[in-house]
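# Examining the three-dimensional arrangement
So you can see what is in the structure, the chains are spelled out below.
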Amino acid sequence: MAYVRNNLNEIIAELPGVQARVRAVALKTEAKIKVAIAPHSKTGFLLSSVGIERANDKDYWVFVGARYAIPVNFGFTHNWTHERIRGLHFLKGAIFG
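Residues numbered from 1 in each chain as written. Predicted model: local features only at pLDDT ≥ 70, side-chain atom pairs only at ≥ 80, totals over all residues. Heavy atoms only, no water.

## A few points about the packing of aromatic side chains
- On inspection of all chains with the given rule, the structure shows one aromatic pair.
- Ring plane angle 40 degrees and centroid distance 6.3 Å describe the contact between Phe45 and Tyr68, whose orientation is recorded as tilted. Taken together, the residues Phe45 in helix α3 (residues 45-48) and Tyr68 in the loop between β2 (60-64) and α4 (69-74) connect sequence positions 23 residues apart.
- The exposure class of Tyr68 is partly exposed, given its relative accessible area of 35%. (Phe/Tyr/Trp six-rings, centres within 6.5 Å; stacked < 30°, edge-to-face > 60°. Helix = DSSP H or I, 4+ residues; strand = E, 2+ residues; numbered from the N terminus. Buried < 20%, exposed > 50% of the residue type's maximum accessible area, 1.4 Å probe, protein only.)

This is how it looks when you write it as structure tokens:
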């Protein structure tokens, strides 16, 4: 009968190769998001608000810091004309391909 340690996930996550791969995936995801929104960032603020940061000693966050990133991604209704503006779905495209 095999025995699996309760903290096996923690042990594997602390391996140097795993940590390097997690960082590489975060950097790749950041680059994919930047490529997807670059044609739509007129002032450059949306593009420059994309980044990564260390979440804890094992994980990374990939974030878009612009406050208007969610409406641009998912779409919105214009306040004055009530016209529906389609979203670009750059986050889904960057993450899932």
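## Overview of the side chain of Ser41
- Examined against the element boundaries, Ser41 turns out to sit in the loop between α2 (16-37) and α3.
- Judged by its relative accessible area of 15%, Ser41 falls in the buried class.
- Among the polar contacts made by the side chain of Ser41, one reaches the main-chain amide nitrogen of Gly44 at a distance of 3.3 Å. (Polar contact = N/O pair within 3.5 Å; in protein donor to acceptor, adjacent residues only side chain to side chain.)

## Notes on the confidence of the model for the protein
- Confidence along the protein averages 89 in pLDDT terms, with 100% of residues attaining 70 or more.
- Within the protein, the element-level pLDDT minimum falls on helix α5 (residues 90-96), averaging 83, and the maximum on strand β1 (residues 50-54), averaging 94. (pLDDT = per-residue confidence, 0-100.)

## Observations regarding the pairing of β1
- Summarising the sheet, β1 and β2 pair through five bridges and their orientation is antiparallel. Among the inter-strand pairings, Arg54 is bridged to a residue of β2, identified as Tyr60.
- Taking the residues that link successive antiparallel strands as the turn, the β1-β2 hairpin has five residues. (Pairing = 2+ DSSP bridges.)

## A word on a nonpolar patch on the surface
- Taken together, the side chains of Val4, Leu8, Ile11, Ile12 and Leu15 make up a nonpolar region of the molecular surface, amounting to roughly 390 Å² of accessible area.
- Positionally, Ile12 belongs in helix α1 (residues 8-13). (Patch = residues over 30% accessible without salt bridge, like charges linked within 9 Å, V, L, I, M, F, W, Y side chains within 5 Å. Areas by Shrake-Rupley, 256 points an atom, 1.4 Å probe, with all protein chains shown as cover. Salt bridge = Lys/Arg side-chain N within 4 Å of Asp/Glu carboxyl O.)

## Let's talk about the pattern of salt bridges
- With the rule as written, the count across this model stands at three salt bridges.
- Where Lys58 meets Glu14, a salt bridge forms, and the shortest distance between an N and an O atom there is 3.6 Å. Placement of the pair is Lys58 in the loop between β1 and β2 and Glu14 in the loop between α1 and α2, with a sequence separation of 44 residues.
- What makes Glu14 partly exposed here is its relative accessible area of 47%.

## Quick notes on the nonpolar core
- Within the largest apolar cluster, nine residues are counted, these being Ile33, Ile37, Leu46, Val50, Ala66, Ala69, Phe90, Leu91 and Ala94.
- The set of elements that each furnish at least two residues to this core consists of α2 and α5.
- In terms of residues, this core owes the most to one element, α5, which gives three residues.
- In this view, Ala66 contacts Phe45, Leu46 and Ser49; residues no more than four positions away in its chain are not counted. (Core = buried A, V, L, I, M, F, W, Y, C linked by side-chain atoms within 4.5 Å. Contact = heavy atoms within 4.5 Å.)

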